[in-house]
Amino acid sequence: MDMIRVVKTLLAPRVLSFRNRIVYSGRTRLVLFGGIGIVLWGSVFAGSFRVLLYFRSIEELGDILAHKLLAMIFVVILSLLAFSSIIIFLSKLYLSRDLDLVHSLPVAARHLFCARWIEGTVDSSWMVVVFVLPVFISYGLVYGTGPLFYAASLLFLFMLCVTASAVSAIGVALVVNLVSASRLRTVFMFLGLALFILLYIAFRMARPERLVNPEMFATTLAYLKSLNTPASPWLPSTWAYEGVASVIDGDIKRFWLDLLICGSCAGGLVAFMLIVAEAVYFKGFSKSAAGRTGSVVRGAQNPLGGIIDRAIPRFMPPHVRAFLIKEIKTFIRDQSQWSQLFLIAALVVIYLYNFKVLPLEKAPIPTVYLQNLFSFLNMGLAAFVLAAVTARFAFPAVSMEKWAFWIIRCAPVSLRSFLLIKYFVYCVPLFFLTLVLIVVSNIFLHVSDFMMVVSVATVAMMAPVIVAMGVGIGAVYPDFSSENPAQAVSSFGGVVFMATSAVYVIAVIMLEAGPVYRFFMANLRGRSPGVEDWIWAVASFLVVLAISVFAAVFPLRLGEKRLADI
């Protein structure tokens, strides 16, 4: 009882802060986040429901496909829970800034470990659980199951969350005694991203779209015959899948057996976790605290500093040159940024590869129409990719100044110059990244010269605007208390930026769609565009230009005003 009381007291600040955030949040914020969540949740439900209906329409093979899909979902859930738990427990147990204060309290290490474990379990699993629930609801509706199916799904999901978090906490507590927590987090992030990149590339290179090709039907049937092979009986995801599947099949005895196995595994791991925490947690925390102090000293001795100083041109104004050097050095010293670069590089390769393998020649629509249609839609797709990359790098640029922002305010540099320097630092590489995406994909599509010019000109105009929106809105909603860029992106300001940039991209595409289509058809038919076509085109592009100028200037001005009030 004493442990429950202490853990409840340690969790009280987090519970109260969550309650206050819900109660005192603005109505606009609640409506925006709630609307986005409902749209995503509904999209997952609609997609999974349609897929399961299609599977059920396939005789004999449909139920096999649905069961294998359910097994794969449980494996993915367990993998996501395990990886996210590792990253979160490293921060919660060893790297959080409030740990020095908490450890000074008269609280046993195992009590603190248990409270942080409960908090980390909720943080690492709530999103996975929320967005996988519509999939299970789809299974229940398609197969006509009763309330027991939904209760079983929730129970097995809960036990998977507990199992994954307990295993992750045990592993982190043991390994931190050998490797410092900061280095361990970097290692796990690199390994996780490398695994994701390799799996994604391998999946894409396998060209799964060939399965819908009638010429491959015999091969597909041979593959489907192997789907009945059982999964590993030692994985908790297998027990959870078999328990839920037994309810679908009406085997209640099997359900109770799998439920007992999963519950026993989760309870045993929690008990073992508390034993490990009592033995090694405080020792690992002491080592991590000493490692953090040493890392600051080593970070100041960066051998790349001299190279960066010599690479920046001397003709720049001193304050501009100083800020450029600071931004580059800050980026290099943040190892989490490197892993994001690897991920972006892999996604760019996959993005371009998708255009290279498009089977346009097999489509019933003439190839010339598809090539130029995809080229036009590709402008919006490339802009959305740019917005996602901007949200990760340019949007948190102001927030990453953290508590050192007072130095910026005290420096003899205006806030406008500060924001413009931030803007140009990120605008140049992101501008060329977007141009590479649009030009190379158009080459793969063999588009006409007219569409090449239109798409390159449009993207060249949208790229600086989206980066300006990222830096400006990031200044309007600065989060100087965020511990990493990902935390700043997931804030209310990050959602506002993504929604605003999406509206801007859609508006540009819609305004250009009509005149571009008229000009394309005129060129295709070998005639010159008429006077009405030219008037429509000029009017549309002037409106696009006006919107772009406003979208670039207004957020930067608003961000400057917001920072001046801090």
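Here the structure is a predicted model, which means the values were calculated and not measured.

Colleague: What exactly am I supposed to notice about the overall build of the protein chain here?
Modeller: Within the protein chain, the regular secondary structure consists of 20 helices and zero strands. The buried share of the protein chain, taken over its 566 residues, is 43%. Accessible surface, the protein chain as shown: approximately 29,900 Å² in total, 73% of it carbon and sulfur.

Colleague: What exactly am I supposed to notice about a nonpolar patch on the surface here?
Modeller: A cluster of nonpolar side chains, namely Trp-534, Val-538, Leu-542, Leu-545, Val-549 and Val-553, defines an oily patch on the protein surface of about 560 Å² accessible area. Relative to the helices and strands, Val-538 is located in helix 20 (residues 531–564). Residue Val-538 is classed as partly exposed on the basis of its relative accessible area of 46%.

Colleague: Would you explain the pattern of salt bridges in this entry?
Modeller: Any two side chains of opposite charge can pair, so long as their charged atoms come close to each other. Applying the stated criterion to the full structure yields 10 salt bridges. Note that Asp-123 and Arg-14 form a salt bridge whose closest N and O atoms lie 2.7 Å from each other. Of this pair, Asp-123 sits in helix 5 (residues 109–143) while Arg-14 sits in helix 1 (residues 2–24), placing them 109 residues apart in sequence. For Arg-14, a relative accessible area of 32% gives the class partly exposed. A cluster of three or more residues bridged by salt bridges with shared partners is formed by Arg-14, Lys-92, Glu-119 and Asp-123.

Colleague: Just to check I follow, could you spell out the confidence of the model for the protein chain for this structure?
Modeller: A low pLDDT means the predicted coordinates there should not be read in detail. Model confidence for the protein chain is summarised by a mean pLDDT of 78, while 75% of its residues fall at 70 or above. Below pLDDT 50 for its whole length, residues 294–301 participates in four contacts with residues either more than four positions away or in separate chains.

Colleague: It is not clear to me how the environment of Ser-153 should be interpreted in this structure. Could you clarify?
Modeller: You can see Ser-153 is positioned in helix 6 (residues 147–175). When the C-alpha positions of Ser-153 and Gly-140 are compared, they lie 9.9 Å apart, and in sequence the two are 13 residues distant.

Colleague: What exactly am I supposed to notice about the side chain of Ser-85 here?
Modeller: Relative to the helices and strands, Ser-85 resides in helix 3 (residues 61–95). On the basis of relative accessibility, which here comes to 1%, the residue Ser-85 falls in the buried class. Of note is the side chain of Ser-85, whose polar atom sits 3.3 Å from the side chain of Ser-124. Ignoring sequence-local partners within four residues, the contact set of Ser-85 consists of Ser-124, Ala-164, Ser-165 and Ser-168.

Colleague: Just checking my understanding: could you explain the side chain of Thr-434 for this structure?
Modeller: For Thr-434, the location among the structural elements is in helix 16 (residues 415–445). For Thr-434, a relative accessible area of 2% corresponds to the buried category.

Rules and cut-offs
Residues numbered from 1 in each chain as written. Predicted model: local features only at pLDDT ≥ 70, side-chain atom pairs only at ≥ 80, totals over all residues. Heavy atoms only, no water. Helix = DSSP H or I, 4+ residues; strand = E, 2+ residues; numbered from the N terminus. Buried < 20%, exposed > 50% of the residue type's maximum accessible area, 1.4 Å probe, protein only. Areas by Shrake-Rupley, 256 points an atom, 1.4 Å probe, with all protein chains shown as cover. Patch = residues over 30% accessible without salt bridge, like charges linked within 9 Å, V, L, I, M, F, W, Y side chains within 5 Å. Salt bridge = Lys/Arg side-chain N within 4 Å of Asp/Glu carboxyl O. pLDDT = per-residue confidence, 0-100. Contact = heavy atoms within 4.5 Å. Polar contact = N/O pair within 3.5 Å; in protein donor to acceptor, adjacent residues only side chain to side chain.

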